[in-house]
Amino acid sequence: MDMTNKEYGKYVEKKAAPSPTPKNLAWAFVTGGLICTLGQGLLNLYRSMGLSETSASIAVPVTLIFLAVLFTGLGWFDKLAKHAGAGTLVPITGFANAMASPALEFRSEGLIMGVGAKLFVIAGPVLVYGISASVIYGLLLVLLTGN
């Protein structure tokens, strides 16, 4: 079949199911809110166990990262994300999933060429541009304020 880009675009538009945007937004809001509520609950739990504010604040993201990676390894994170959508991308859990998924997918290729090489496939650009932006911001701050 020989189509132009415009014809192909119309064909895909006709075949693609419309996205239920209001439903997706609601699920993302609820799921993201539940993950954040879990984080607050963990903070309260750790503080009630006698941890200082600083120690409890460090324990919460460690726990959320551990749970996201564990759920990724068990195949639960993808099932949750399929129904919850962007709500699972609350930065820390989504980033942990983005790091663990490629590593798990390519583990059969070995620790170096599989896990090690694929670990930063998705997260690498986030790190590169995040670090680059922070360096540029820092330089601008120093140049403009003299601090």
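Residue positions are given per chain, counting from 1 as you read along its sequence in written order. At least 70 in pLDDT is required for a residue's local features to be given in this predicted model, at least 80 for side-chain atom pairs to be given and counted, and no such filter applies to totals for whole chains, interfaces and linings, which use all residues. Hydrogen atoms and water are omitted, and side-chain values are computed over all heavy atoms in the structure.

### Some thoughts on the pattern of salt bridges
So, point 1. What counts as a salt bridge is simple: a side-chain nitrogen of Lys or Arg found within 4 Å of a carboxyl oxygen of Asp or Glu. If you walk through the whole model with that rule in mind, you get 1 salt bridge.
So, point 2. Ionic pairing is found between Glu53 and Arg47, a salt bridge with its closest N-O pair at 3.1 Å.
So, point 3. Burial classification: accessible surface area is computed with a 1.4 Å probe over protein chains only, and a residue below 20% of its type maximum counts as buried, one above 50% as exposed, and the rest as partly exposed. The exposure class of Glu53 is partly exposed, given its relative accessible area of 43%.
So, point 4. With a relative accessible area of 41%, Arg47 lands in the partly exposed category.

### A look at the domain arrangement of the protein
So, point 1. Bear in mind that the domain bounds are from an automatic or database domain assignment. Domain parsing of the protein yields domain 1 (3-108) and domain 2 (110-146).
So, point 2. Once two parts are put together, the accessible area they lose, assessed with a 1.4 Å probe and summed over both, is termed the buried area. When the two sides are added together, the surface that domain 1 and domain 2 hide from each other amounts to roughly 810 Å², 79% of it contributed by carbon and sulfur.
So, point 3. When the buried surface of domain 1 facing domain 2 is broken down by residue, Phe95, Met99 and Phe106 rank first, second and third, together holding 53% of it.
So, point 4. Counted as a polar contact is a pair of N or O atoms within 3.5 Å, where, for protein atoms, one must be capable of donating a hydrogen and the other of accepting one, and residues adjacent in sequence contribute only when both atoms are in side chains. In this assembly, domain 1 and domain 2 are joined by 0 residue pairs in polar contact (both at pLDDT 80 or more).
So, point 5. Each residue is assigned to one class: nonpolar for Ala, Val, Leu, Ile, Met, Phe, Trp, Tyr, Cys and Pro, charged for Asp, Glu, Lys and Arg, and polar for all the others, Gly among them. Tallied by class, the residues present in the side of domain 1 that touches domain 2 amount to 6 nonpolar, 1 polar and 1 charged.

### What to know about the layout of surface pockets
So, point 1. As defined here, a cavity is a set of points on a 1 Å grid over the protein atoms alone where a 1.4 Å probe fits but cannot get out. A pocket is an open set with protein on both sides within 12 Å along at least five of seven lines, and residues line them when an atom is within 4 Å of a point. Grid points are joined across faces, edges and corners, and a volume is the space filled by probe spheres set on the points. One number sums up the size of the largest pocket: a volume of about 190 Å³.
So, point 2. Taken together, Thr31, Leu34, Ile35, Leu38, Leu64, Leu67, Ala68, Phe71, Phe77, Leu80 and Thr93 make up the full set of residues lining the largest pocket.
So, point 3. Mapped by element, the contributors of at least two residues to the lining of the largest pocket are α2 (21-48), α3 (53-74) and α4 (76-84).
So, point 4. Considered class by class, the residues forming the lining of the largest pocket number 9 nonpolar, 2 polar and no charged. Comment: elements are numbered from the N terminus, with helices defined as DSSP H or I runs of at least four residues and strands as E runs of at least two.

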